Amino acid sequence: MAGYQIVKLASGVHSVHSLEHKETFHPVIGPVAEAEALYVRQLKLRERVEKAREEFVIWDVGLGAAANVLTALRATGESRCRLRLLSFDNTLEPLKFALQHASELGYIIGYEEHLRNLLRDNHVQFETKNQTVNWEVHLGDFPTLLVQSTAHKFPKPHAIMFDAFSPATNPAMWTRSVFENLFRLLDPARPCALPTYSRSTMLRVTLLLAGFFVGVGHATGEKDETTIAANSIELIDEPLDRRWLARARRSSSAEPLVKPMYRQARLSPETWERLQQHRQFL
């Protein structure tokens, strides 16, 4: 598959590089270490799935080579739980490529048969000693999927692993409307958290305007902080405060993307007024 190649990172582990997007998946500390820091620990996955009395639903936005899902499955492997996984992507090619390089990537090993079934049927169910797993893939343009009538039938998530290519490379995945539509699909009675690798002011403003509470996320690799959003403030350890709000007002790159074209701009007067009225800062 000419669109991807295996690269060795500075940490010594291997990852997948997209030649089309000129981006490496989990480029600094590697797929497993990043997924553990950004999603498993930050979402408190083990504790939350163990406490769940119902099926625990995870939306995986940006399936890629499946490192985030497989790391989450391994991390909760000793927990008695029922997991419902919905992965979203517009292609399965990175996963097909990763499966062909399972020994180099490492994290694929042990899940090969399940992944082959997932690739064949866009769905797989399996059980381990403690887990019952129901995993499905939804192929297509994610912003478009969010506004289709069928989106309301998706099981409501307890957690969202948001791992799209960067705004500069893939701006359509980071617009204000994407996060507004995503927030509308959440169940207000079901606490849900969404971590992502970016710490940009633009992203945080976008999430706030979409309706989320937003906080400082855990460090990963060379990033001293990331971002976590949620529909419940209780899921955020370090919410953004008015000091951050003042810095956002001074930033030259804070106004959310309205169109799927990357650009940088200061906050508009309307956005500034809306931010000040957000319930997080009242």
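A few points on the structure. (Residues numbered from 1 in each chain as written. Predicted model: local features only at pLDDT ≥ 70, side-chain atom pairs only at ≥ 80, totals over all residues. Heavy atoms only, no water.)

### Considerations on the overall build of the protein
Okay, step 1: Tallying secondary structure elements over the protein gives 11 helices and 11 strands in all.
Okay, step 2: The C-alpha radius of gyration computed for the protein amounts to 18 Å, which stays within 12% of the reference 19 Å derived for 282 residues, consistent with globular compactness.
Okay, step 3: The dimensions of the protein, computed from C-alpha atoms along their principal axes, are 55 × 45 × 35 Å.
Okay, step 4: Per-residue burial over the protein gives 56% buried out of 282 residues.
Okay, step 5: Looking at the protein alone, contacts between residues at least 24 apart form 66% of all its contacts between residues at least 6 apart.
Okay, step 6: By element, 48% of the accessible surface of the protein is carried by carbon and sulfur atoms, the whole surface being about 13000 Å². (Helix = DSSP H or I, 4+ residues; strand = E, 2+ residues; numbered from the N terminus. Rg over C-alpha atoms; globule rule 2.2 N^0.38 Å. Buried < 20%, exposed > 50% of the residue type's maximum accessible area, 1.4 Å probe, protein only. Contact = heavy atoms within 4.5 Å. Areas by Shrake-Rupley, 256 points an atom, 1.4 Å probe, with all protein chains shown as cover.)

### Digging into the sheet that holds strand β2 (residues 14-18)
Strands pair in a sheet through their backbones, by hydrogen bonds, and they do so in one of two ways: parallel or antiparallel.
Okay, step 1: Within the open sheet, the 3 strands sit side by side as β1-β2-β3. Their pairing is antiparallel. Of all the strands in the sheet, the pair left with one neighbour each is β1 (4-8) and β3 (23-24).
Okay, step 2: As paired strands, β1 and β2 are joined by 5 bridges and run antiparallel to one another. Counted as the bridge partner of Tyr4 is Ser18 from β2.
Okay, step 3: Relative to the sheet, helix α4 (residues 93-100) contacts β1 and β2, its axis offset from that of β1 by approximately 55°. (Pairing = 2+ DSSP bridges. Axes fitted to C-alpha atoms, helices over the stretch in contact; angles between N-to-C directions.)

### Details of the side chain of Thr227
Okay, step 1: The topology assignment puts Thr227 in strand β11 (residues 226-230).
Okay, step 2: One polar contact links the side chain of Thr227 to the main-chain carbonyl oxygen of Ser198, over a distance of 2.6 Å.
Okay, step 3: One polar contact links Thr227 to Arg204, side chain to side chain, over a distance of 2.9 Å.
Okay, step 4: Sequence-distant contacts of Thr227, defined by excluding residues within four places in its chain, comprise Leu194, Pro195, Thr196, Ser198, Arg199, Leu203, Arg204, Leu207, Val214, Gly215 and Gly217. (Polar contact = N/O pair within 3.5 Å; in protein donor to acceptor, adjacent residues only side chain to side chain.)

### Remarks on the pairing of strand β6 (residues 123-127)
Okay, step 1: Going residue by residue along β6, you find Val124 and Phe126 tucked away on one face and His123, Gln125 and Glu127 left uncovered on the opposite face.
Okay, step 2: Bridging between β6 and strand β7 (residues 131-139) involves 5 bridges; their strand directions are antiparallel. Directly across from Val124, in β7, lies its bridge partner Trp135.
Okay, step 3: What sits between β6 and β7 in their antiparallel hairpin is a turn of 3 residues.

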